[in-house]
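Architecture and fold: a report
The primary structure of each chain is shown beneath.
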Amino acid sequence: VMAARFSEGYALLVYPPWRVELSLPLLAVVVLLAFVIMHASMRLASHAIALPGRVRMFKRERRQQTGRRAMLDGALSFAAARFEEAEKLSACALDAGEEPELNALIAARSADALGALARRDAYLGRVGKSIQDYPGAEFRPLQETNPEQT
């Protein structure tokens, strides 16, 4: 500030037919303000360009959290023998892509416990498996299919 007060220099800007004469301290302030404005506008533009990617990432993380929560709640419901709830939550987690084989197996076992054998086979089919792939899982035999409960 003291240097600006005693500065006797000036800058002459000419662009025919105009001519502008500025003191050096004023020119320094104008250049500094121009830099700050350009920097802020460039940062704003870069954030605006990156926004769609950030939104996609946020939605993907939200979907993963929802799927993970549904998977854990489905496993808990299955362990507590609440098979309807376990099937619903495991199917939701399966749709979210969270541990597909585990959720398909829990949903299939829940549907099997409810007697919905067609749904059981559909869940296993979504991950390319069948009841023969799980010999110790104690599924109901295939001949017990009841079309009214599917």
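Procedures and definitions
- Residues numbered from 1 in each chain as written.
- Predicted model: local features only at pLDDT ≥ 70, side-chain atom pairs only at ≥ 80, totals over all residues.
- Heavy atoms only, no water.
- Helix = DSSP H or I, 4+ residues; strand = E, 2+ residues; numbered from the N terminus.
- Buried < 20%, exposed > 50% of the residue type's maximum accessible area, 1.4 Å probe, protein only.
- Contact = heavy atoms within 4.5 Å.
- Expected span 1.5 Å × (residues − 1).
- Pairing = 2+ DSSP bridges.

With that settled, the discussion passes to the overall build of the chain. For the chain, the count of helices and strands is five helices and two strands. When the elements of the chain are put in sequence order from the N terminus, they spell out α-β-β-α-α-α-α. Relative to its 150 residues, the chain shows a buried fraction of 22%. A separation of at least 24 residues holds for 42% of the contacts in the chain among residues at least 6 apart in sequence.

Take helix α4 (residues 100-113) next. With 14 residues, α4 extends 20 Å from end C-alpha to end C-alpha; this agrees with the ideal 20 Å at 1.5 Å per step. Here α4 has its buried residues at Asn 103, Ala 104, Ile 106, Ala 107, Ala 108, Ser 110, Ala 111 and Asp 112. Considering only its buried residues, α4 is in contact with α2 (24-79), α3 (83-95) and α5 (117-126). After α4 finishes, the residue Gly 115 shows a positive phi value of roughly 85°.

This part takes up the pairing of strand β1 (residues 10-15). The pairing of β1 with strand β2 (residues 18-23) spans six bridges and is classified as antiparallel. Each residue of the ladder has a partner; that of Leu 12, found in β2, is Glu 21. Hairpin connection between β1 and β2: a loop of two residues separates the two successive antiparallel strands.

That's the geometry; what it means functionally is another story.
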